[in-house]
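One-letter residues, chain by chain:
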Amino acid sequence: MRAYKIFMVPRCLHVCESILEQEGVFGPNLIEDLNIGFIPLDQDIISLENPALLNSVFMEGDFTWLHTVAHSIVGLQTTFGTIPNVYGQGHAAKIVESLTNTLTSELGEKKSPLQHQIGHLVVLDRDVDYVTPLCSQVTYEGLLDDIFEIKCGVVDFGPEVTKTEKSVKTMLNSEDSLFSEIRDRHFTNVFPYLSARAKEIQANYDKSHSMELKDLKTFVSSELKGLKQEHRSLTLHIGASEVIMKHKTKGSLRRGDLQDILHIEHSLLEGSDFRECVNYIEECIHRQYDMLLTLRLLCLLSCTTSGLLPKDYNNLKHKFLHSYGFEHMLTFFNLKKAGLLTEAQTGKDTSIESNLNKLADSRTVGSAVSYVTSSLAALQKKDWFRTVSKKLSLIPKPGTEYNLKKPSDMAYVFGGAYTPLTCRLVEQAIQRQGWGGLEDVLRHLPGSNFEKLEARSAKAGKSASSGEQASKVALVYFIGGVTYSEVAALRFLAKQKGYRILIATTAIINGNRMLSSFVETVR
Amino acid sequence: MAWTHNDDLLCLQEDGQVLIYNVFGQFQRSFTMGKDCRDNKVMEFEVFIGQQGTGLVAMSGLFRFLLVNNVDDPKVRILADVPGLKTTPPSSWCVLPGSRTSKVLAANDNDVYLLDQGGHCSQQIPTGLTANPSSYISMAVSVDGKHVALYMNTGTIWIGSSDFQEKYCEFNTNDGRRPKQLLWCCDSITSNTRRLSDRDIAIVVYWPKTLLVVGPKKDWVRYSVEEDLNVPSGMASAVLSADMDGIRIVTVNRHDFLQHVPNAVEGIFKVGSMAPGALLNDAAKEYNHQSEKADEYLRMLLDNGQLPEAVEKCTLAAAAEFQPRIQKLLLSAASFGKSFVPSIKLTDLFVNTCQNLRILNAVRDFNIGIALTAAQLQHLTINCLIDRLVSRREFQLAFHICKYLKIPEDQGSSRILSHWACYKVQQSNVDDTSNARAIRDKLQSARGVSYADIAEKAVESGRKDLAIKLLEFEPRAAEQVRLLSKLGKHTLALEKAVMSGNTDLAYSAIARLRERTNLSEFLVAIRQQPIAYKLYLKSCREQNEQMLKDLHEQEDNFIELAHCHIHDSCSTFRPEDRVMSLHAALDSFSKARDDFGVKATEEQLQLLRDQTNFEQQTDHSFAELSMHDTIHELLITNQLKKAEQLRKQYKVNDKRWWWLRIQSLAEIGSFNELESFSKSKKSPIGYLPFIEMCMKYNAPGEVPKYISKVSQEKRVSALLKVGNVKAAADLAIQTRNLVDLDMTLKRCGVEHREIAEQVKGALMQLQRR
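Since this is a predicted model, take the numbers as computed values, not measurements.

1. Some words on the overall build of chain B
So, point 1. Counting its regular elements, chain B contains 34 helices and 23 strands.
So, point 2. Sorting the 769 residues of chain B into buried and exposed places 50% on the buried side.
So, point 3. The long-range fraction of contacts in chain B, counting pairs at least 24 apart against all pairs at least 6 apart in sequence, stands at 46%.
So, point 4. Split by element, the accessible area of chain B, about 37,900 Å² in all, is 50% carbon and sulfur.

Given below as structure tokens:
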């Protein structure tokens with residue numbers, strides 16, 4: 001008889017056992033847990049690579065995965081010392097925090113290195129800021145992700161990029177010095193750099209022609225390999241940039257013109273030209289553009305206006321169903337649960353409100369939809385996005401010119417139109433050493449916030465120099481995923497303020513991947 | 001009956017049943033020696049301590065030997081039969097403990113056989129045997145299994161190595177009686193490390209009232225043994241037991257220990273000894289008498305460089321002594337000497353010895369009654385000693401030892417405390433609340449105590465309430481929940497599982513609750529836990545959809561219910577089922593008073609009906625198509641009328657209609673019709689789409705027809721889209737529109753350098769103005 005073994009990633013759930021038992025195949029030593037934990041994607045990004053978490057936590061309210069998240073934090077803390085300052089925002093973050101504490105106490109007092117190496121931990125829920133992932137990305141890496149899809153730090157460049165028959169799989173990380181130089185740049189700055197670099201390499205090659213034999217030997221042995229490698233990656237990135245350019249200017253019939261879309265997004269962020277935006281979205285629907293694109297704009301509309309008016313909501317939903325099919329009733333329902341695409345309350349709108357209220361009431365006797373109520377609560381704070389973005393000055397005043405060549409703040413990742421809310425929160429939390437002074441902002445955000453600070457007295461005393469160093473190191477944990485734009489913004493922040501920011505996440509997402517996890521795929 | 005190395009009492013019954021009791025006579029476990037023993041009875045048996053733990057050899061009624069290497073993991077091995085043993089028992093036998101496997105030596109009259117586990121039997125002939133015995137009536141193997149002694153019926157003892165290759169001596173006792181006991185007295189710990197010297201071993205023969213100690217050099221000593229008066233004379237009442245560094249002699253009212261005088265002690269206390277240890281001891285004595293001789297002795301040692309050795313010897317001697325007075329004397333001598341020798345090694349030795357002696361003296365106290373030598377303690381290890389103390393319920397002493405030795409809490413004091421608590425919960429005379437509180441108070445400071453284990457003990461002794469109270473303190477939710485549900489407190493378990501935030505636990509608690517209670521009770525219980533309820537819904541969604549719907553219905557959660565139905569309708573392929581599910585959804589939406597949902601669902605039903613109609617009328621399949629796609633499908637199959645009908649029915653607005661028409665006309669290549677369509681009415685979506693569609697379906701020739709219709713401001717971008725940079729540039733220069741010029745310039749690129757120059761020029765002009 002053949003012997004089987006099942007490895008469960010990251011851990012075996014009781015439900016699985018009981019199903020196996022029901023099927024009569026359960027035996028001792030059948031199942032092993034395989035807790036993979038973090039997968040390092042780069043020097044500063046570690047990821048659980050679990051995109052399913054977003055859906056299950058923020059839509060279904062199933063916190064099973066949060067256990068894994070907490071576990072990963074505990075794992076980090078046993079290696080790098082307990083992180084003294086923890087700040088969090090969001091419902092899931094709160095649960096993770098308490099789970100982390102329980103898990104740590106269950107582990108017992110393990111002797112962790114006395115000196116902690118990470119000074120701050122910022123835990124953020126994805127539903128604190130849905131706007132950022134909904135925007136089209138314009139940094140180089142972000143665009144690569146939007147257009148080619150980066151999977152676990154690997155991108156698959158098709159024939160259109162390589163200009164050959166074969167497609168090439170490339171690792172994208174800081175090992176590639178060229179890539180690390182351009183990855184976080186605004187796209188407009190990528191091409192000039194690439195061409196300058198190309199000239200440089202050419203010059204280096206040319207140099208070899210005029211060399212003495214002896215010099216040539218050292219050149220071949222030392223520099224040539226590096227040059228060749230660089231040449232290779234340069235070709236790839238130039239190819240990729242060209243494809244991006246094509247997307248950008250021409251657009252396609254399925255996707256629309258990126259320039260137009262960016263324009264609409266910017267007006268949505270600024271809150272201007274509401275009608276124009278709605279019309280554009282309608283056009284998208286009528287033309288049956290890529291569904292995820294349409295949905296993304298719809299969600300962005302909802303998020304920036306804190307929920308659509310019932311009239312607009314029903315109108316757009318109606319048209320959407322006509323274009324993309326009736327089954328998307330479920331998609332809308334899911335998005336509503338997740339708080340991505342909601343109806344605003346007008347007070348007079350009786351039927352919907354009463355339903356929502358009924359849901360709110362039924363929660364006390366145990367309804368499944370606490371998220372609807374939490375988004376309901378958010379809705380009542382009218383126009384929270386405007387308030388928050390004004391308070392944190394996320395959006396510059398319209399009309400101000402933005403120098404993309406030499407960015408002065410994190411807004412450059414969206415062409416100067418918007419500073420990602422999450423990144424601003426991180427900046428504030430580290431700067432203020434807590435949420436103090438931000439209460440009236442956080443009040444508007446979904447979920448609760450918390451902070452856990454080390455004893456101040458210890459800090460006031462002569463703390464060791466390594467402690468000082470640690471206080472410059474921060475770990476930012478995104479529950480539900482992070483976008484490359486946010487990564488770029490945080491890197492920029494780190495460089496600007498002299499911090500070292502490490503990013504932990506449950507997955508790397510972009511707008512499309514985020515939405516497609518909510519889209520009902522029945523068939 | 002015998003003791004194991006864990007202080008358990010092992011009893012072998014005649015039928016081969018082995019029962020193990022703890023030190024308080026409470027039954028622990030049992031195993032059996034097998035069928036052979038059951039059928040033929042156990043005649044004799046011997047317990048030995050090998051490297052794997054306590055072993056056991058039994059001789060069955062058929063004179064077959066059965067061996068168990070470790071009673072904790074009882075595997076019975078049957079050894080080979082001894083040749084010639086059919087009706088009479090072997091004249092003598094004993095166990096030869098080995099490192100991995102143990103063997104049995106058995107003698108049949110004057111033949112000695114070695115039986116091993118592989119079922120082999122080999123005859124052994126003692127080398128250089130001069131006596132001519134008719135049988136070996138007793139034999140003994142030393143504790144470490146290195147030496148063997150054979151007692152012959154002539155009264156001669158052959159003493160040699162256990163492989164029978166080396167003979168130490170033959171000693172004639174002139175006593176042909178079978179000795180009551182024959183055993184070795186040897187220091188197995190030291191002889192492991194040192195080449196055996198003649199002094200280290202001796203064979204002890206015990207007859208009633210007499211104890212004969214014979215060394216390998218035929219030197220001998222005779223002791224008399226005090227016998228119990230109640231025992232008829234001629235019978236022996238004392239019991240001898242070989243330990244690793246000596247022999248214990250237990251008589252009715254005494255417990256004596258017979259061992260070789262340790263070298264260190266001998267060196268110091270031998271009359272007139274000039275060994276370093278003795279000198280140091282003398283020096284210390286003189287120093288205490290304030291005599292100048294102290295200096296003399298000390299110098300003698302220092303000059304010879306023997307002081308470190310002297311200190312070591314004094315310390316070791318102290319360790320070997322039993323009386324605190326002499327220990328103190330020797331230790332002070334050692335400490336006196338040590339102050340002249342800066343050596344960390346010696347200091348460590350000294351400190352360890354002091355600690356060990358304190359512990360030894362404490363356990364040697366008659367209340368505890370564990371008489372150990374220092375060497376035995378070393379072999380046993382402190383942890384084992386603590387275990388023994390704990391199993392004797394000497395919690396306090398064990399606790400103090402742990403504290404004293406600074407043993408890490410989780411191995412030391414916490415462990416003892418939890419043992420104490422386990423014992424405590426078994427006492428039934430204290431009421432639950434105060435008991436729980438007492439345990440909590442004691443254990444609060446200790447880390448790593450498992451309340452769950454204690455609670456489990458409480459359950460075993462039938463005190464559920466106490467167990468539940470104790471579980472309140474358990475920090476590990478998994479243990480807590482497991483035990484609570486074992487106790488049948490499923491609701492409480494669920495509550496705790498939910499509180500722990502570990503959904504897996506909650507799931508298992510839910511599942512267990514579901515198994516044990518009936519449906520209505522279950523629902524009542526689970527509704528009180530919102531999170532658990534949510535989890536249950538999720539598991540229902542995956543496993544039991546009907547249940548999910550029922551739940552939603554009971555909760556009046558019609559919106560959820562409606563969406564469940566929609567989900568159903570989407571996941572089935574059979575049209576009838578689909579319609580049925582949609583009707584159910586419709587019903588739910590109307591109950592929820594969701595007008596939009598009602599309308600949308602009605603429309604979908606209508607669409608399904610229409611699609612079926614069309615399918616019957618044409619051969620096309622409309623399955624899975626949206627309204628938009630349906631119209632599109634109709635249009636490209638030239639069924640304008642039906643499309644119009646749908647348009648009216650679903651109030652398709654003009655914009656969509658135009659998009660659909662343009663797209664489908666271009667798609668089927670009816671560009672003439674497209675043109676006439678463009679003229680039918682003013683386009684609500686402009687004329688740009690016409691151009692786009694023409695380009696898409698490879699009809700650039702059609703484009704000029706529409707260019708003129710595109711509004712002025714969009715014309716340039718339209719031209720650009722078509723790829724006519726030249727025309728776009730001309731137009732842009734004409735209109736002098738900055739934005740258009742800019743856009744054109746961007747598109748010019750490399751291949752249109754001249755145009756780019758023109759545009760640049762125009763731009764410059766404009767900007768100059």
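2. A closer look at the sheet that holds strand β9 (residues 92-96) of chain B
All names here are of chain B.
So, point 1. Here four strands make up an open sheet; going across it, the order is β9-β10-β11-β12 and the pairing antiparallel. Looking at which strands have only one partner, the edges of the open sheet turn out to be β9 and β12 (121-124). Here the strands of the sheet are splayed against their neighbours by 25° on average, with no regard to which way each runs.
So, point 2. Two strands pair when backbone bridges link them, and strand β11 (residues 111-115) and β12 are joined in this way by four bridges, in the antiparallel orientation. The residue of β12 that forms the bridge with Y113 is Q123.

3. Observations regarding helix α9 (residues 190-209) of chain A
All names here are of chain A.
So, point 1. Helix length check: α9, at 20 residues, gives a terminal C-alpha distance of 29 Å against a target of 28 Å (1.5 Å per residue), a fit within 8%.
So, point 2. Within the span of α9, buried status applies to V190, Y193, L194, R197, I201 and S208. Relative to the axis of α9, the buried residues are bounded by an arc of 100° and lie together on one face. Facing away from the buried side of α9 by over 90 degrees, the exposed positions are K199 and H209.

4. Re the sheet that holds strand β12 (residues 500-505) of chain A
Residues and elements named next belong to chain A.
So, point 1. Ordered by their spatial adjacency, seven strands build an open sheet running β3-β4-β12-β11-β6-β5-β10, and the pairing between neighbours is mixed. In the strand order of this sheet, the two ends are held by β3 (39-40) and β10 (449-452), each with one partner.
So, point 2. Two elements, strand β5 (residues 85-89) and strand β6 (residues 120-125), share five bridges in a ladder whose sense is parallel. Note on β6: the bridge partner recorded for Q89 is L124.
So, point 3. This element, helix α19 (residues 421-432), spans β5, β6 and β11 (473-479) of the sheet and lies at about 150° to β6.
So, point 4. The strands touched by helix α23 (residues 484-497) are β4 (45-47), β11 and β12; relative to β12, the strand with the most contacts, the crossing angle is about 160°.

5. Regarding the nonpolar core
So, point 1. The biggest cluster of nonpolar side chains holds 145 residues, and the ones touching the most others in it are L66, L144, L340, Y477 and I479 of chain A.
So, point 2. Here this core takes 10 residues from helix α13 (residues 291-304) of chain A, the largest share from any one element.
So, point 3. What L144 of chain A contacts, discounting residues up to four positions off in sequence, is E149, I150, F157, L172, F179, A240 and I244 of chain A.
So, point 4. Membership of the second largest hydrophobic core comes to 43 residues, among which are L360, V363, I370 and I401 of chain B.

6. Comments concerning the environment of E286 of chain B
Residues and elements named next belong to chain B.
So, point 1. Tracing the sequence through the fold places E286 in helix α4 (residues 276-288).
So, point 2. The spacing of E286 and E296 is 10 residues in sequence and 9.8 Å in space, taken between C-alpha atoms.
So, point 3. In contact with E286, not counting residues within four places along its chain, are S291, K293, A294 and Y297.

7. Let's talk about the side chain of S56 of chain A
So, point 1. On the secondary structure map, S56 of chain A appears in helix α2 (residues 52-58).
So, point 2. Of the residues examined, S56 of chain A reaches a relative accessible area of 5% and is grouped as buried.
So, point 3. Ignoring sequence-local partners within four residues, the contact set of S56 of chain A consists of G61, D62 and W65 of chain A together with K538 of chain B.

8. So, the side chain of T294 of chain A
Residues and elements named next belong to chain A.
So, point 1. Structurally, T294 can be placed in helix α13.
So, point 2. Owing to a relative accessible area of 1%, T294 belongs among the buried residues under this scheme.
So, point 3. When near neighbours in sequence (up to four residues on either side) are disregarded, T294 contacts I281, C284, I285, Y289, F320 and Y324.

9. Section: helix α25 (residues 627-636) of chain B
So, point 1. Within α25 of chain B, eight of the 10 residues are buried, which leaves the element mostly enclosed by the surrounding structure.
So, point 2. Within the span of α25 of chain B, buried status applies to M627, H628, T630, I631, H632, E633, L634 and L635 of chain B.
So, point 3. For α25 of chain B, the elements touching its buried residues are α12 (274-286) and α14 (310-324) of chain A together with α24 (595-617), α26 (640-649) and α27 (654-667) of chain B.
So, point 4. Among the residues trailing α25 of chain B, N638 of chain B stands out with phi positive, at a value near 60°.

10. Description of the pattern of salt bridges
All names here are of chain A.
So, point 1. In the structure shown here, the tally under the stated rule is 26 salt bridges over all chains.
So, point 2. Measuring nitrogen to oxygen at the nearest pair gives 3.1 Å for the salt bridge that ties R296 to E265. Here E265 lies in helix α11 (residues 258-270) and R296 lies in helix α13, a separation of 31 residues in the sequence. E265 shares its class with R296; the two are buried.
So, point 3. Between R275 and D312 there is a salt bridge, with the nearest N and O atoms lying 3.4 Å from each other. A residue pair is termed long-range when its members are at least 10 positions apart, and R275 in helix α12 and D312 in helix α14 qualify at 37 residues.
So, point 4. Residue D312 is classed as buried on the basis of its relative accessible area of 3%.
So, point 5. Linked through salt bridges whose partners overlap, the residues forming this network are D42, D44, E141, R183, D184 and R491.

11. Considering the packing of aromatic side chains
So, point 1. For the coordinates displayed, the defined rule picks out 12 aromatic pairs over all chains.
So, point 2. When the ring of F320 of chain A is compared with that of F332 of chain A, the centres are 5.2 Å apart and the planes differ by 75°; the resulting orientation is edge-to-face. Remark: F332 of chain A occurs in helix α15 (residues 328-338) and F320 of chain A occurs in helix α14; sequence separation between them is 12 residues. The residues F320 of chain A and F332 of chain A share a single accessibility class, namely buried.
So, point 3. Judged by centre distance (4.3 Å) and plane angle (40°), the ring pair of W658 of chain B and F677 of chain B falls under tilted. Separated by 19 residues along the polypeptide, W658 of chain B in helix α27 and F677 of chain B in helix α28 (residues 671-680) bring together distant segments of the chain.
So, point 4. Look at W658 of chain B and you get buried, because its relative accessible area is 3%.
So, point 5. One aromatic cluster is present, built from ring pairs that chain together Y313, F320, Y324 and F332 of chain A.
So, point 6. Taking NZ or CZ as reference, R185 of chain A lies 4.5 Å from the ring centre of Y193 of chain A, over its face.
So, point 7. In this arrangement the basic side chain of R661 of chain B is found over the ring face of F677 of chain B, its NZ or CZ atom lying 4.7 Å from the centre.

12. A few points about the confidence of the model for chain B
Low-confidence regions, as indicated by low pLDDT, have predicted coordinates that should not be scrutinised in detail.
Residue and element names in this part refer to chain B.
So, point 1. Looking at chain B, pLDDT values average 74 and 80% of them are 70 or higher.
So, point 2. Low pLDDT, under 50, characterises residues 191-198; the predicted model gives this stretch 10 contacts beyond four residues in sequence or across chains.
So, point 3. Interface confidence in the predicted complex, given as ipTM, is 0.75; pTM for the same model is 0.65.

13. With respect to the environment of V482 of chain A
Residue and element names in this part refer to chain A.
So, point 1. Within the secondary structure, V482 sits in the loop between β11 and α23.
So, point 2. The exposure class assigned to V482 is buried, which follows from its relative accessible area of 0%.
So, point 3. Expressed as a C-alpha distance, the spacing of V482 and N510, which sit 28 residues apart in the sequence, is 7.7 Å.

14. Quick look at a nonpolar patch on the surface
So, point 1. A surface patch of nonpolar side chains, amounting to about 440 Å² of accessible area, comprises F7, V9, L34, I36 and I39 of chain A.
So, point 2. Residue placement: I36 of chain A occurs in the loop between β2 (31-33) and β3.

15. As for the confidence of the model for chain A
Residue and element names in this part refer to chain A.
So, point 1. Taken over all residues, the pLDDT of chain A has a mean of 78, while the share at 70 or more is 84%.
So, point 2. Low pLDDT (under 50) marks residues 347-381, which in the prediction has 58 contacts with non-local residues, meaning those over four places away or in another chain.
So, point 3. Within the model, pLDDT remains below 50 along residues 455-466, and this stretch shows eight contacts once partners closer than five positions in the same chain are excluded.

16. Re the packing of helix α21 (residues 545-554) of chain B against helix α22 (residues 558-571) of chain B
Two numbers describe a pair of packed helices, the interaxial angle and the distance between the axes.
All names here are of chain B.
So, point 1. At a closest axis distance of 9 Å, the pairing of α21 and α22 adopts a crossing angle of 155°. What the angle tells us is that α21 and α22 run roughly antiparallel. When you trace α21 past α22, the crossing you get is left-handed. Where α21 approaches α22, its residues E545, L548, K549, H552 and E553 are matched on the opposing element by E560, L561, C564, H565, H567 and D568.
So, point 2. When grouped by side-chain class, the residues that make up the contact of α21 with α22 number three nonpolar, three polar and five charged.

17. Thoughts on unusual backbone geometry
Residue and element names in this part refer to chain A.
So, point 1. Positive phi, close to 50°, is recorded for C152, a residue that is not glycine.
So, point 2. Relative to the assigned elements, C152 resides in the loop between β7 (150-151) and β8 (154-157).
So, point 3. One non-glycine residue, S393, lies in positive phi territory at about 40°.
So, point 4. Inspection of the secondary structure assignment puts S393 in the loop between α18 (384-391) and α19.

Cut-offs used in this document
Residues numbered from 1 in each chain as written. Chains lettered and ligands numbered in written order. Predicted model: local features only at pLDDT ≥ 70, side-chain atom pairs only at ≥ 80, totals over all residues. Heavy atoms only, no water. Helix = DSSP H or I, 4+ residues; strand = E, 2+ residues; numbered from the N terminus. Buried < 20%, exposed > 50% of the residue type's maximum accessible area, 1.4 Å probe, protein only. Contact = heavy atoms within 4.5 Å. Areas by Shrake-Rupley, 256 points an atom, 1.4 Å probe, with all protein chains shown as cover. Pairing = 2+ DSSP bridges. Axes fitted to C-alpha atoms, helices over the stretch in contact; angles between N-to-C directions. Expected span 1.5 Å × (residues − 1). Arc of directions from axis to C-beta. Core = buried A, V, L, I, M, F, W, Y, C linked by side-chain atoms within 4.5 Å. Salt bridge = Lys/Arg side-chain N within 4 Å of Asp/Glu carboxyl O. Phe/Tyr/Trp six-rings, centres within 6.5 Å; stacked < 30°, edge-to-face > 60°. Lys NZ or Arg CZ within 6 Å of the ring centre and 35° of its normal. pLDDT = per-residue confidence, 0-100. Patch = residues over 30% accessible without salt bridge, like charges linked within 9 Å, V, L, I, M, F, W, Y side chains within 5 Å. Parallel < 35°, antiparallel > 145°, perpendicular 65-115°, else oblique. Left-handed = near helix turned anticlockwise from the far one by under 90°. Nonpolar A, V, L, I, M, F, W, Y, C, P; charged D, E, K, R; others polar.

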